[in-house]
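Listed below, chain by chain, are the residues.
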Amino acid sequence: MIKIKSFKKELFGVFVIVGIIPLFLMGIFSYYNTSRIINKKINNSLMDNIDVMAKLLDYSLDNFQSIITYVSTNEDVINVLNKTEFKNYDERFDDSQKIYKITNTLLATQKMDIPIYISGINNKYIRFSTAEYFAPIYFDINNEIFKEIDKSEQKNYFFINRRVDGKLRKDVVLAIGTQIKNISDNKKLGYAVLDIYDEYFDDIFNQANVYKENNIYVLNKDGTIITDKLYKDRTGFKFYDEYLSTVLGKDSGTFNCKIKGNNYMAYFTTCKNTEIKIIEVVPTQVLFKDRTLIIGMVILSVIILGIIAIAASFLLSNSISKPINKLSRLMNEVENGNMNVNFDSEYDDEIGKLGYNFNKMIKEINRLIEEVYKKQYLLKESELKALKAQVNPHFLYNTLESINWMAKLGDAKGVSKMVTTLGKFLRYCISKRGDIVTVNEEIQQIKNYLTIQKVRYGDRFKVSFDVNNLMLEKHMPRLLLQPLVENAIIHGLEPKSSGGILIIKGYILNQNDMCFEIIDNGVGLTNSNSKGEGIGIQNVNDRIKLQYGDEYGAKVFSENKMTISKLVIPCNDSILETGDKYE
């Protein structure tokens, strides 16, 4: 069985595909394009952020280096450090005041507290500080800090020195130190060191803060952490080994990292003058929070637009398929035989034109059917009239000759019987009454014909009837059997000198059909198609098929040295026509 697809469903499916797929692709494109733009903006923003911090830090450290350089090259400071001893307390006090004046003047422009320490080599009493007290770590001239300063090839040295200022309770995270040398002989006289508190970096971090959850690391040029924003416990240690080569290998860049089990996106840059590295790490969850929001908005938009597209597709497919489905239903009705249909279309488009042509086609089909039906009816009428008119002239001549001889012989009763029988025979043939008769009437016509033929042929053949009584009141077209009986006599029995047999049988076949057989033992089929056969088998066969269809008809064949003319017609009374049947 062929599965018939719904045009409406197919059209709806096409509309949905055409509407949803571009919408889906547009959503993907919008997401990725927007996501790319946001990532680019975020990356640019974060890189700009750390670049600003780097410039600010570079500027500040350059400024601090300038301060230390100025202190270490100041003539008054050098003169004081050249002294091996003080003559008296007043001299020591005056020298201290000179140095305080120099250092305080330098630090006056700084907003934050930045202590400076000066330690002399020639005199242990030459210890000066801008702080309220002298840090013990700078008191011992043999301290590791001073050794590192001596090793440095640069004039200034950045030394990581995280410690707590005992009095102020401030964390010192970076010291900038340099040697103080005699101008004349370049002899080392002492050291000048500037301490930078952690709060200084915190102030920079807070000014440049973008994400609360981010962390910012400040590294020296060998990758040691000077300080960071959130975790102070790694100060003085190397940055994470798995990422250190990436940071030290380039001046700036980005990389993905995992710190303490959390995923981060890292951005780093390098201060141009001091070579200090600044690394900002942002949790990917926080970094892509905006992207997640965009995903939600895109998905929600796609869903809403998808619902709108589906609803629009449904309405559009329904409006298009409704008239087409209506036209399809009308076509099915036409296929089932209902020709009284009409397509009422209110559409002024191709569908309306299709409906108009459909109505026009139905009208034309009805006209053609009516025309063909009338032609067939007229053809049947003309054939029947021709049959009625075709009384064999030889048969009529021989019958009249027989009546003439009977009259000459004085057989009045025979003449009367022959004339009466011939009258009934002719009346049946040319009657204008209805063309449908009972089987009994058709059999009586055969008997009239045989009565006339008996006068001519005498005892040359015998006739027997074997017709089921249940058939006698059934109806059939008249003049179906007489042509077959006539053929059997003229072309089968007449050439036979004697001993002829003619059997007329009628029986019900399969409870639905009637079967008639005209059986003779004449000369057979050799002359059955000769000229003079009359209307014959072909005429009867054509009439039956025209009346009942191709499954019914007449044929002639031989069986057991007998010639059989057989015809089959329906035994129901559906063929009864309006009008009187023959009486």
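In this text, all values refer to a predicted model and were calculated from it rather than measured experimentally. (Residues numbered from 1 in each chain as written. Predicted model: local features only at pLDDT ≥ 70, side-chain atom pairs only at ≥ 80, totals over all residues. Heavy atoms only, no water.)

### Comments concerning the packing of helix α2 (residues 75-82) against helix α3 (residues 89-107)
Phase 1: Between α2 and α3, the least distance of the axes is 10 Å, while the angle of their chain directions is 150 degrees. Between α2 and α3 lies a crossing whose hand is left-handed. Residues D76, V77 and V80 of α2 lie in contact with α3, whose contacting residues are D95, I99 and I102.
Phase 2: Class assignment for the residues of the contact of α2 with α3 results in four nonpolar, no polar and two charged. (Axes fitted to C-alpha atoms, helices over the stretch in contact; angles between N-to-C directions. Helix = DSSP H or I, 4+ residues; strand = E, 2+ residues; numbered from the N terminus. Left-handed = near helix turned anticlockwise from the far one by under 90°. Contact = heavy atoms within 4.5 Å. Nonpolar A, V, L, I, M, F, W, Y, C, P; charged D, E, K, R; others polar.)

### Some points on α2
Count 3.6 residues to each turn of an α-helix, and residues three or four apart come out pointing the same way.
Phase 1: Of all the residues in α2, the buried ones are V77, I78, V80 and L81. On an axial view of α2, the arc spanned by its buried residues comes to 160 degrees, and they lie on one face.
Phase 2: If you check the start of α2, you find a side-chain oxygen 3.0 Å away from the backbone N of D76, and it comes from N74. (Buried < 20%, exposed > 50% of the residue type's maximum accessible area, 1.4 Å probe, protein only. Arc of directions from axis to C-beta. Polar contact = N/O pair within 3.5 Å; in protein donor to acceptor, adjacent residues only side chain to side chain.)

### Observations concerning the confidence of the model for the protein
Phase 1: In the predicted model, the protein carries a mean pLDDT of 80, and 85% of its residues have values of at least 70.
Phase 2: When the elements of the protein are averaged for pLDDT, helix α9 (residues 350-389) gives the smallest value, 72, and strand β15 (residues 513-520) the largest, 94.
Phase 3: In the model, residues 527-534 has pLDDT below 50 throughout and makes six contacts with residues more than four positions away in sequence or in other chains.
Phase 4: Contacts of residues 577-583 to residues separated by more than four positions or lying in other chains number 20 contacts, the stretch itself having pLDDT below 50. (pLDDT = per-residue confidence, 0-100.)

### A word on the pairing of strand β1 (residues 116-120)
Phase 1: Of all five residues in β1, five are buried; the element is thus mostly enclosed.
Phase 2: Residue alternation in β1 divides its side chains into two sets, I116, I118 and G120 and Y117 and S119, and both sets are buried.
Phase 3: Of the strand pairs in this sheet, β1 and strand β5 (residues 188-197) are connected by five bridges, and their pairing is antiparallel. From the neighbouring strand, G120 faces β5, where its bridge partner is G190. (Pairing = 2+ DSSP bridges.)

### Description of the sheet that holds strand β8 (residues 253-259)
Phase 1: The strand order across the open sheet formed by five strands is β7-β6-β10-β9-β8, and the pairing between neighbours is antiparallel. Every interior strand has two partners, whereas the edge strands, β7 (225-228) and β8, have only one. Direction aside, neighbouring strands of the sheet carry axes that sit 25 degrees apart on average.
Phase 2: With five bridges joining them, strand β6 (residues 215-219) and strand β10 (residues 277-283) adopt antiparallel strand pairing.

### Focus on unusual backbone geometry
Phase 1: The phi torsion at N510 lies on the positive side, around 60 degrees, for a residue other than glycine.
Phase 2: Tracing the backbone shows N510 in the loop between β14 (500-509) and β15.
Phase 3: At N560, a residue that is not glycine, the phi angle is positive and equals roughly 55 degrees.
Phase 4: On the secondary structure map, N560 appears in the loop between β16 (553-559) and β17 (562-570).

### Re a nonpolar patch on the surface
Phase 1: The grouping of I17, I21, F24, L25, I28 and Y32 at the surface amounts to a nonpolar patch, some 610 Å² of accessible area in total.
Phase 2: Locating I17 in the fold gives a position in helix α1 (residues 7-73).
Phase 3: Under the relative-accessibility criterion, I17 is labelled partly exposed at 49%. (Patch = residues over 30% accessible without salt bridge, like charges linked within 9 Å, V, L, I, M, F, W, Y side chains within 5 Å. Areas by Shrake-Rupley, 256 points an atom, 1.4 Å probe, with all protein chains shown as cover. Salt bridge = Lys/Arg side-chain N within 4 Å of Asp/Glu carboxyl O.)

### So, the pattern of salt bridges
Phase 1: Inspection of the entire model under this criterion finds five salt bridges.
Phase 2: Put simply, K83 and E91 hold a salt bridge, and the shortest N to O gap is 2.8 Å.
Phase 3: Among the residues examined, K83 registers a relative accessible area of 24% and is labelled partly exposed.
Phase 4: A salt bridge links D222 to K238, with the nearest nitrogen and oxygen atoms 3.6 Å apart. Of the two residues, D222 sits in the loop between β6 and β7 while K238 sits in the loop between β7 and α6 (241-249), which places them 16 residues apart along the sequence.
Phase 5: Overlapping salt bridges, with partners in common, bring together K83, E91 and D95 in one network.

### Overview of the nonpolar core
Soluble, globular proteins show a tendency: their nonpolar side chains are buried together.
Phase 1: Counting residues in hydrophobic clusters, the biggest one holds 56 residues, and the most contacted among them are L57, L61, F64, I196 and F201.
Phase 2: Sorting elements by how many residues they give to this core places α1 first, with 14 residues.
Phase 3: Once residues lying within four places of it in the same chain are set aside, the contact partners of F201 are L57, V173, L174, I196, V218, I226 and T227.
Phase 4: Core analysis: the second largest hydrophobic core is formed by 46 residues, Y449, I452, Y457 and I569 among them. (Core = buried A, V, L, I, M, F, W, Y, C linked by side-chain atoms within 4.5 Å.)

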